[in-house]
Amino acid sequence: MALVLYENNESSGRLKCTIQQTGRLGFTDVTAKQLRLHEVDAVQFARDDQEKDALYLINDVSKSGPNAFKVCKAGMYYYVNTKHLFEELGLDFESNTIIFDLKREPKYKEMEVYKMIKRVLPRKKK
């Protein structure tokens, strides 16, 4: 008998991020590794001019600029200060837990783009 070990392929996990009650966008460990957030200074967010509610995350941003959101790290945790963006978009992250599943899109002008598919759950009362 010969045993064949299965690989622990973390990238096959679901890529997602969550808006915290403070308005910060936090990333799971698997997502942070897949997006290489340890190598990225900033990310950008975009909308599709054809699809009103479509939101996209672009993580091929090497420098900060007027449209860039700085990637921050606290311990092993990566996050982006997005409070003003999500308030502008009318997302009620204080009353709801808002999770985005990230789906890789074909490269747009050589940028790495992820469609942010929103799920909204009522926030648990304390």
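Our structure's up above, just so we're on the same page.
Residues numbered from 1 in each chain as written. Predicted model: local features only at pLDDT ≥ 70, side-chain atom pairs only at ≥ 80, totals over all residues. Heavy atoms only, no water.

*Asks:* What exactly am I supposed to notice about the pattern of salt bridges here?
*Replies:* Proximity of charged atoms lets side chains of opposite charge pair with each other. A full pass over the atoms with the stated rule returns 5 salt bridges. Arg-14 is the partner of Asp-101 in a salt bridge, and the nearest nitrogen-oxygen pair spans 3.5 Å. With Asp-101 in strand β7 (residues 96-104) and Arg-14 in the segment before β1 (16-19), this pair connects stretches of sequence that are 87 residues apart. The exposure class assigned to Asp-101 is buried, which follows from its relative accessible area of 12%. The exposure class assigned to Arg-14 is exposed, which follows from its relative accessible area of 54%. Several salt bridges converge on common partners, so that one network encompasses Arg-14, Asp-101 and Arg-119. (Salt bridge = Lys/Arg side-chain N within 4 Å of Asp/Glu carboxyl O. Helix = DSSP H or I, 4+ residues; strand = E, 2+ residues; numbered from the N terminus. Buried < 20%, exposed > 50% of the residue type's maximum accessible area, 1.4 Å probe, protein only.)

*Asks:* Teacher, can you tell me more about the pairing of strand β2 (residues 24-27) here?
*Replies:* One ladder, built from 3 bridges, connects β1 with β2; its direction is antiparallel. From the neighbouring strand, Cys-17 faces β2, where its bridge partner is Phe-27. Sheet topology note: the β2/strand β6 (residues 77-81) ladder contains 3 bridges and is antiparallel. The residue bridging Gly-26 from the neighbouring strand is Tyr-79, located in β6. (Pairing = 2+ DSSP bridges.)

*Asks:* What is the right way to read the side chain of Asn-59 from this model?
*Replies:* Note that Asn-59 resides in strand β4 (residues 55-61). A relative accessible area of 1% places Asn-59 in the buried class. From its side chain, Asn-59 meets the backbone oxygen of Leu-35 in a polar contact 2.6 Å long. The contact partners of Asn-59, leaving out residues within four places of it in the chain, are Leu-35, Val-40, Ala-42, Val-43, Glu-112 and Tyr-114. (Polar contact = N/O pair within 3.5 Å; in protein donor to acceptor, adjacent residues only side chain to side chain. Contact = heavy atoms within 4.5 Å.)

*Asks:* What should I look at first to understand the environment of Met-111 in this one?
*Replies:* By the secondary structure assignment, Met-111 is in the loop between β7 and β8 (113-122). Separated by 41 residues in sequence, Met-111 and Lys-70 have C-alpha atoms that sit 17 Å apart.

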